[in-house]
Amino acid sequence: MSCMIMPAAHRAATIRPPQSGYAMKNTSTTTVPLGSPLYAQVKQAVLAALARGEWKQGEAVPPEKTLAERFGVSIGTLRKAIDELAAENILVRHQGRGTYVAVHTRNNHFFKFFRILRQDGHKSYPSTELLRFRRARANAATREHLGLATGAYVYEFTNVLSLNGDVVMVDDICLPESRFPGMAEQHLRERPSTLYALYQDVFGVNVIATDERLRVCLADAAHAGWLDVAEGAPLLEIRRVAYSYNRQPVEWRISRVNTEAYEYLGQEPGAAVTS
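Residues numbered from 1 in each chain as written. Predicted model: local features only at pLDDT ≥ 70, side-chain atom pairs only at ≥ 80, totals over all residues. Heavy atoms only, no water.

**Some words on the pattern of salt bridges**
And then number 1: In the structure shown here, the tally under the stated rule is 21 salt bridges.
And then number 2: A salt bridge links Arg-52 to Glu-54; the shortest N-O distance between them is 2.7 Å.
And then number 3: With a shortest N-O distance of 3.9 Å, Arg-215 and Glu-237 are connected by a salt bridge. Of this pair, Arg-215 sits in strand 9 (residues 209-218) while Glu-237 is found in strand 10 (residues 234-244), placing the two residues 22 residues apart along the sequence. (Salt bridge = Lys/Arg side-chain N within 4 Å of Asp/Glu carboxyl O. Helix = DSSP H or I, 4+ residues; strand = E, 2+ residues; numbered from the N terminus.)

Following this line, the structure appears as structure tokens:
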């Protein structure tokens, strides 16, 4: 999922704030690129509201009539924006009840982002061992990927992941303290489900997209020991930024994978290709 960068001189259009008489949680305007279809501008405005925390996972969003009046658009335009958000599993419609912020379930959400599987195609959930955890000031690379200011603090931790009894992967993860206040080692050791479920259920942070870059690296002494390979052995390195609503970066992770019996699946077989 890529981010379009608009020229600095490009003008912007503004979605109107709510009209008087409607009680909304936030009445700030939302800036969107001029020339975007109106429904796309509304979609970005809804994403901005989600990013501000106006509506939490599992909560209903206001009725379509109220949202249309808030943004100063027709019901048809509003519905097209909601349709796209529903197709992306950000919102979900319940017949007769309204539209809700999606709560991601374990299976679909996990395998959307976990792309390592055995070379025979078998998928499985990893077992995880937490190796280390600390609170520290973010280094330059972490600040760049998470959009943090100098001096900002992050939580850094390392997990070793095993699949089918094989130690396959080591994750080095950084989380901004501002998005995960009070994160503790106990949260990671005692979480009942996936890491992204922990983010969602405990901290209200919903990962909806990732950017990943792949390269080859050589195992250093520490990773060679954890993955039971020779020092200097080639590993697959995956560099990932995870995003919440409105492209807010919430996690920076470097994964190193022993691909002797496992591989990375770029997309599901038969998935549509877009240009």
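**Considerations on the packing of aromatic side chains**
And then number 1: In the structure shown here, the tally under the stated rule is 6 aromatic pairs.
And then number 2: When the ring of Phe-180 is compared with that of Phe-203, the centres are 5.4 Å apart and the planes differ by 65°; the resulting orientation is edge-to-face. In this pair, Phe-180 sits in the loop between strand 8 (166-176) and helix 6 (185-189) while Phe-203 sits in helix 7 (residues 195-203), placing the two residues 23 residues apart along the sequence.
And then number 3: Residue class for Phe-180 comes out buried when judged on its relative accessible area of 0%.
And then number 4: Taken together, Phe-113, Phe-180, Tyr-196, Tyr-199 and Phe-203 form an aromatic cluster joined through their ring pairs.
And then number 5: Residue placement shows Arg-135 over the ring face of Tyr-153; its charged tip is 3.7 Å from the ring centre.
And then number 6: A cation sits over an aromatic face here: Arg-247 above Tyr-243, 3.8 Å from the ring centre. (Phe/Tyr/Trp six-rings, centres within 6.5 Å; stacked < 30°, edge-to-face > 60°. Buried < 20%, exposed > 50% of the residue type's maximum accessible area, 1.4 Å probe, protein only. Lys NZ or Arg CZ within 6 Å of the ring centre and 35° of its normal.)

**Focus: the side chain of Thr-142**
And then number 1: Along the chain, the position of Thr-142 falls in helix 5 (residues 140-146).
And then number 2: The exposure class of Thr-142 is buried, given its relative accessible area of 2%.
And then number 3: Those residues in contact with Thr-142 that sit more than four places away from it in its chain are Val-154, Cys-174 and Trp-252. (Contact = heavy atoms within 4.5 Å.)

**A word on the packing of helix 1 (residues 38-51) against helix 3 (residues 75-87)**
And then number 1: Running from N to C, helix 1 and helix 3 point in directions that differ by 60°, and their axes come no closer than 8 Å. As summarised for this structure, helix 1 and helix 3 are arranged oblique, according to the angle between their axes. For helix 1 against helix 3, the interelement crossing comes out right-handed. Residues Leu-38, Tyr-39, Val-42, Lys-43, Val-46 and Leu-47 of helix 1 pack against Thr-77, Leu-78, Lys-80, Ala-81, Glu-84 and Leu-85 of helix 3.
And then number 2: Of the residues contributing to the contact of helix 1 with helix 3, the split by class is 8 nonpolar, 1 polar and 3 charged. (Axes fitted to C-alpha atoms, helices over the stretch in contact; angles between N-to-C directions. Parallel < 35°, antiparallel > 145°, perpendicular 65-115°, else oblique. Left-handed = near helix turned anticlockwise from the far one by under 90°. Nonpolar A, V, L, I, M, F, W, Y, C, P; charged D, E, K, R; others polar.)

**Brief notes about the pairing of strand 4 (residues 98-101)**
And then number 1: Sheet topology note: the strand 3 (residues 91-94)/strand 4 ladder contains 4 bridges and is antiparallel. Considered in strand 4, the bridge of His-94 is made with Gly-98.
And then number 2: Joining the antiparallel neighbours strand 3 and strand 4 is a turn of 3 residues, in which Gly-96 adopts a positive phi near 80°. (Pairing = 2+ DSSP bridges.)

**Quick word on helix 2 (residues 64-71)**
And then number 1: Those residues of helix 2 lying buried are Thr-66, Leu-67, Ala-68, Arg-70 and Phe-71.
And then number 2: Once helix 2 finishes, Gly-72 follows within two positions and takes phi at roughly 70°, a positive value.

**Remarks on unusual backbone geometry**
And then number 1: The phi angle at Asn-164 is positive, at roughly 55°, despite the residue not being glycine.
And then number 2: In the Ramachandran plot, Asn-246 falls in the positive-phi region, its phi being about 60° despite a non-glycine side chain.
And then number 3: Mapped onto the elements, Asn-246 comes out in the loop between strand 10 and strand 11 (248-257).
And then number 4: A residue is classified by how much of its surface remains accessible, and Asn-246, at 32% relative accessible area, is partly exposed.

**Observations concerning the sheet that holds strand 10**
And then number 1: Reading across the sheet, the 6 strands line up as 6-7-8-11-10-9 and stay open at both edges, with antiparallel pairing between neighbours. Across the chains shown, the open sheet's two edge strands, defined by having one partner strand only, are strand 6 (127-137) and strand 9. Averaged over all pairs of adjacent strands, the angle between their axes in this sheet comes to 15°, without regard to strand direction.
And then number 2: Pairing of strand 6 with strand 7 (residues 153-163) involves 10 bridges; the strand directions are antiparallel. Looking at strand 7, one finds that Thr-128 is bridged to Leu-161.
And then number 3: In the packing of helix 7 onto the sheet, the strands contacted are strand 7, strand 8, strand 9, strand 10 and strand 11, and the crossing angle to strand 11 comes to about 160°.

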